[in-house]
Amino acid sequence: MRRSKFLLLALAALLLAGCSLARAEDHPEAGDRWVGLYVVPTQGYASDFYDNPNLEEYGSTQMETGKFGVLSFPQEVLFAVEDEVGNYTFPGMENGYSLFYIEGEDEVRSHYTAIISNMDEHDNANTLAYTDEGTSITLSGAVHFGPPLGATDWDPYTDGTIWRYYNVYQTADGRVYLNGYGDSTNGPMSKTQTETRTRHENGKTVQDETVSVTVAIKTVPRLDRLVVTQFDSSNQIVQSEDLPLQNDRTEVYCQPETAWLLVEETSLDGTERAVYSVPEGEDPVSHSYVLLDDSGFGSLAHLNIYGWLPVQPR
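What counts and how
- Throughout this document, residue positions are counted from 1 along each chain, in the order its sequence is written.
- Local features are withheld for residues below a pLDDT of 70 in this predicted model, meaning they are given only at 70 or higher, and side-chain atom pairs are given and counted only at 80 or more; totals for whole chains, interfaces and linings count all residues.
- Side-chain metrics in this entry use all non-hydrogen atoms of the structure; hydrogen atoms and water are not considered.
- Secondary structure counts use DSSP, requiring at least four H or I residues in a row for a helix and at least two E residues in a row for a strand, with both numbered from the N terminus.
- Partly exposed residues are those whose accessible area sits between 20% and 50% of the maximum for their type, while under 20% is buried and over 50% is exposed, using a 1.4 Å probe and protein chains only.
- To measure how exposed things are, a 1.4 Å probe is used in the Shrake-Rupley method; for residues, cover is taken only from the protein chains shown.
- Here the rule is simple: two strands pair whenever DSSP picks up at least two bridges between them.
- Axes here mean lines fitted to C-alpha atoms, for a helix over just the part in contact, with angles spanning 0 to 180 degrees between N-to-C directions.
- The definition of a polar contact used here is a pair of N or O atoms within 3.5 Å, where within protein one atom must be able to donate a hydrogen and the other to accept one, and adjacent residues in sequence count solely through side-chain atom pairs.
- Exposure above 30% relative accessible area and no salt bridge define the residues that can form patches, which grow by joining like charges within 9 Å and nonpolar side chains of Val, Leu, Ile, Met, Phe, Trp and Tyr within 5 Å.
- Throughout this description, the term salt bridge denotes a Lys or Arg side-chain nitrogen within 4 Å of a carboxyl oxygen of Asp or Glu.
- Classification of ring pairs rests on two measures: the distance between centres of Phe, Tyr or Trp rings, Trp counted by its six-membered ring, which must be within 6.5 Å, and the angle between planes, read as stacked under 30 degrees, edge-to-face over 60 and tilted in between.

A.B. asks: Describe the overall build of the protein, with residues and values.
C.D. replies: When helices and strands are tallied, the protein shows one helix and 20 strands. Out of the 314 residues belonging to the protein, those deemed buried represent 42%. Just so you have it, the protein exposes about 17500 Å², and 48% of that area is on carbon and sulfur atoms.

Pasting the structure below:
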């Protein structure tokens, strides 16, 4: 990669000159804001961020050399691509999980703030609070993973999966990018990153903005069965269904004599059960569960339970 080769030649020249180097800091360009995290699972610690052919030159990276002062090197970043419905992807790194916010302006909403996330729910903690003292933005999401298809002896700490937390920035003109900086972890854990920015005018603090982002990496077993059983008021079985395991939203309709329902999730770890009363009105009760793909990465699925039978066409 051009940037990598340039840096290697420059660093080699400095080392030959007897100069020690301090690590480059993760400073975005002036006016750019840290807005959240993009979490990417990889196998092993080797990073291929700078091998991505979609990188673009933007701004610079500073290094403290001591004897020669601070040197500036061109920085390459990965700009996100937004589709027509507002989803963001990072070309060449599409397998990641987003949790960040954006600010912008349009003719309909004027100035707006939007949360961008394809993570599962965690603590219901996505909040935006605006006060005279400043702004507080709290984001929270979960990523689920488990045994790959066919695995019988799986350990989340030794399976080789490394979780990379790339910092996400937004430029003053609204573009979103990664600069390759961030932390790495393995195994199930939670990570919280917080940053506070202070805006000054005429030497006085005008407003503080605090952004806090929490990502929980959670393990789940691979489901083998999802069974819904309906019972009447005498606790006799009215109906039992073995539902297909799919990411599409599944629907179950209560029979007229149904008084309550039992939802059973069966895996190699055993069976987890949840009990629901028949919902009143037209709004369903939603039961959430996690489905794993062949590689073991999960996505949240939903089972909607309705308390009425749809009218059958004649």
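Let's pick the thread back up.
A.B. asks: Which residues make up the sheet that holds strand β16 (residues 250–253), and what are the values?
C.D. replies: The sheet built from three strands is open, its strands ordered β16-β20-β19 with mixed pairing. Of all the strands in the sheet, just β16 and β19 (285–292) have a single pairing partner and so form its edges. When strand polarity is set aside, the average angle formed by the axes of neighbouring strands in this sheet is 25°. The pairing of β19 with strand β20 (residues 298–306) spans eight bridges and is classified as antiparallel.

A.B. asks: Describe in detail the environment of D293, supporting the description with residues and values.
C.D. replies: Looking at where D293 falls in the secondary structure, it is placed in the loop between β19 and β20. Judged by its relative accessible area of 36%, D293 is partly exposed. Once the C-alpha coordinates of D293 and G146 are considered, the two residues, 147 residues apart in sequence, prove to be 9.2 Å apart. Side-chain polar atoms of D293 contact the backbone nitrogen of F297, separated by 2.9 Å.

A.B. asks: Run through the pairing of strand β6 (residues 97–106), naming residues and quoting values.
C.D. replies: Among the ten residues in β6, seven count as buried, and that is most of the element. Of the strand pairs in this sheet, strand β1 (residues 33–43) and β6 are connected by four bridges, and their pairing is antiparallel. By the bridge assignment for β6, L37 is matched with L99.

A.B. asks: Could you give an account of a nonpolar patch on the surface, with specific residues and numbers?
C.D. replies: Residues I115, L128 and Y130 make up a contiguous nonpolar surface patch of about 260 Å² in total accessible area. Mapping L128 onto the fold places it in strand β8 (residues 127–130).

A.B. asks: Outline the sheet that holds strand β15 (residues 237–243), supporting the account with residue identities and numerical values.
C.D. replies: Ordered in space as β15-β14-β17-β18, the four strands form an open sheet in which the pairing is antiparallel. Among the strands making up the open sheet, the edge pair consists of β15 and β18 (270–277). Between one strand axis and the next, the sheet turns by 15° as a mean value, whatever way the strands run. Bridge analysis of strand β14 (residues 223–231) against strand β17 (residues 260–267) gives eight bridges, and the strand direction is antiparallel. In the strand pairing of β17, R225 is matched with T266.

A.B. asks: Can you tell me about the pairing of β17, naming the residues and giving the values?
C.D. replies: Among the eight residues that make up β17, six are buried, leaving the element largely enclosed by the rest of the structure. The sheet contact formed by β17 and β18 spans eight bridges and is antiparallel. Its bridge partner lying in β18, T266 is registered against T271. In this structure, the hairpin formed by β17 and β18 is closed by a connection of two residues.

A.B. asks: An account of the packing of aromatic side chains is requested, with residue identities and associated values reported.
C.D. replies: When we look at a pair of aromatic rings, we describe it by the centre distance and by the angle of the planes. Summed over all chains, the structure comprises 13 aromatic pairs. A centroid spacing of 5.0 Å and a plane angle of 85° characterise the contact between F49 and Y50, whose relative ring orientation is edge-to-face. By relative accessible area, F49 is classed as buried at 2%. For the pair Y58 and Y177, a centre-to-centre distance of 5.3 Å together with 65° between the ring planes defines the contact as edge-to-face. Remark: Y177 occurs in strand β11 (residues 176–186) and Y58 occurs in strand β2 (residues 56–64); sequence separation between them is 119 residues. Judged by relative accessible area, which is 17%, Y58 ranks as buried.

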